[in-house]
Amino acid sequence: MDAITEKRISGLHPSVRVEMTNIIKEIDKALTGRAKVRISEGLRTFAEQDALYNKKPKVTNAKGGQSIHNYGFAVDIVLIIDGKTASWDTKSDWDGDKVSDWDECVKIFAKYGWNWGGNWATFKDMPHFDKIGFSNWRILQAKKRDKDNYIII
Ligand SMILES: [Zn+2]
């Protein structure tokens, strides 16, 4: 896995870091062609979320505290093609195994118990995954936090 991905994993909630490392390792094994997975976004602070919320044109409906990213239980992925080009193409089969590389990622995330934003009914968020059981920000927001500002679960 690349250094960026490693760094993003280290910012996730402590309870999912090992699991996320295993997910990415498994994806690295599954994608044998031109594409490699990268975590493009992991933890987002409340302030970063507010800045995103205030962007024009609108990119999110979530204010600080209203995104699962704010608690370190969500990641967004991107495929890096030939080590240099970012791709959000969900259909391409970069390793020629008859399954799109994006779908290979989705299947592995699902196996570990992560929701996929591509399954959302209203606003589909194809790069997004969050941990099952931690996908309701109202519940997460109500929890106490440790000294590093992660919720205590
Ligand atoms: Zn996301």
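So, here's what we can say about the structure. This is a predicted model, so every value here is computed, not measured.

## Focus on the coordination of the zinc ion
- The zinc ion binds to the protein through His69 (NE2), Asp76 (OD) and His128 (ND1), with metal-donor distances spanning 2.0 Å.
- On the primary sequence, the residues serving as donors to the zinc ion are separated as H-x6-D-x51-H. Separated by 52 residues along the polypeptide, Asp76 in strand 2 (residues 74-81) and His128 in strand 5 (residues 128-131) bring together distant segments of the chain. Across the pair, His128 and Asp76 agree in class, each one buried.

## Some points on the packing of helix 2 (residues 17-30) against helix 4 (residues 101-111)
- Two numbers describe how helix 2 lies on helix 4: the axes approach to 10 Å, and their chain directions differ by 145°. Between helix 2 and helix 4 lies a crossing whose hand is right-handed. Where helix 2 abuts helix 4, its residues Met20, Ile23, Glu26, Ile27 and Ala30 lie against Glu104, Cys105, Ile108, Phe109 and Lys111.
- Across the contact of helix 2 with helix 4, the residue classes break down as seven nonpolar, no polar and three charged.

## Side note on helix 2
- A rise of 1.5 Å per residue sets the reference length of helix 2, with its 14 residues, at 20 Å; its end C-alpha atoms lie 20 Å apart and thus fit the reference within 8%.
- Within helix 2 the residues assigned to the buried category are Met20, Ile23, Ile24, Ile27 and Asp28. Burial along helix 2 is one-sided: seen end-on, the buried residues are contained in an arc of 135°. Turned more than 90 degrees away from the buried face of helix 2 sit Val18 and Lys29, all of them exposed.
- Tucked into the core, helix 2 has its buried residues touching helix 1 (3-11), strand 1 (35-41), strand 2, helix 4 and strand 4 (114-116).

## A short note on the environment of Lys131
- Relative to the assigned elements, Lys131 resides in strand 5.
- Sequence separation between Lys131 and Gly72 is 59 residues, and the spatial gap between their C-alpha atoms is 9.5 Å.
- Setting aside residues no more than four positions away along its own chain, Lys131 makes contact with Val16, Glu19, Phe73, Tyr112, Gly113, Trp114 and Asn115.
- Of the polar contacts made by the side chain of Lys131, one reaches the side chain of Glu19; its length is 2.8 Å.
- A polar contact of 3.2 Å, which involves the side chain of Lys131, links it to the backbone oxygen of Tyr112.

## Comments concerning the packing of helix 1 against helix 2
- Contact geometry for helix 1 and helix 2: axes closest at 9 Å, N-to-C directions at 155°. Classified by the interaxial angle, the pair formed by helix 1 and helix 2 is roughly antiparallel. For the crossing formed where helix 1 meets helix 2, the hand is right-handed. Facing Thr5, Ile9 and Ser10 of helix 1, the residues of helix 2 in contact are Arg17, Met20, Thr21 and Ile24.
- Counted by class, the contact of helix 1 with helix 2 contains three nonpolar, three polar and one charged residues.

## Examining the pattern of salt bridges
- Summed over the entire model, instances satisfying the criterion amount to seven salt bridges.
- In this structure, Glu19 and Lys131 form a salt bridge, with 2.8 Å as the shortest nitrogen-oxygen distance. Separated by 112 residues along the polypeptide, Glu19 in helix 2 and Lys131 in strand 5 bring together distant segments of the chain.
- Here Arg34 and Asp82 are joined by a salt bridge, their closest N and O atoms 2.7 Å apart.

Quick notes on the rules
Residues numbered from 1 in each chain as written. Predicted model: local features only at pLDDT ≥ 70, side-chain atom pairs only at ≥ 80, totals over all residues. Heavy atoms only, no water. Donors = N, O, S within 2.8 Å, 3.2 Å for Na, K, Ca; no water. Helix = DSSP H or I, 4+ residues; strand = E, 2+ residues; numbered from the N terminus. Buried < 20%, exposed > 50% of the residue type's maximum accessible area, 1.4 Å probe, protein only. Axes fitted to C-alpha atoms, helices over the stretch in contact; angles between N-to-C directions. Left-handed = near helix turned anticlockwise from the far one by under 90°. Contact = heavy atoms within 4.5 Å. Nonpolar A, V, L, I, M, F, W, Y, C, P; charged D, E, K, R; others polar. Expected span 1.5 Å × (residues − 1). Arc of directions from axis to C-beta. Polar contact = N/O pair within 3.5 Å; in protein donor to acceptor, adjacent residues only side chain to side chain. Parallel < 35°, antiparallel > 145°, perpendicular 65-115°, else oblique. Salt bridge = Lys/Arg side-chain N within 4 Å of Asp/Glu carboxyl O.

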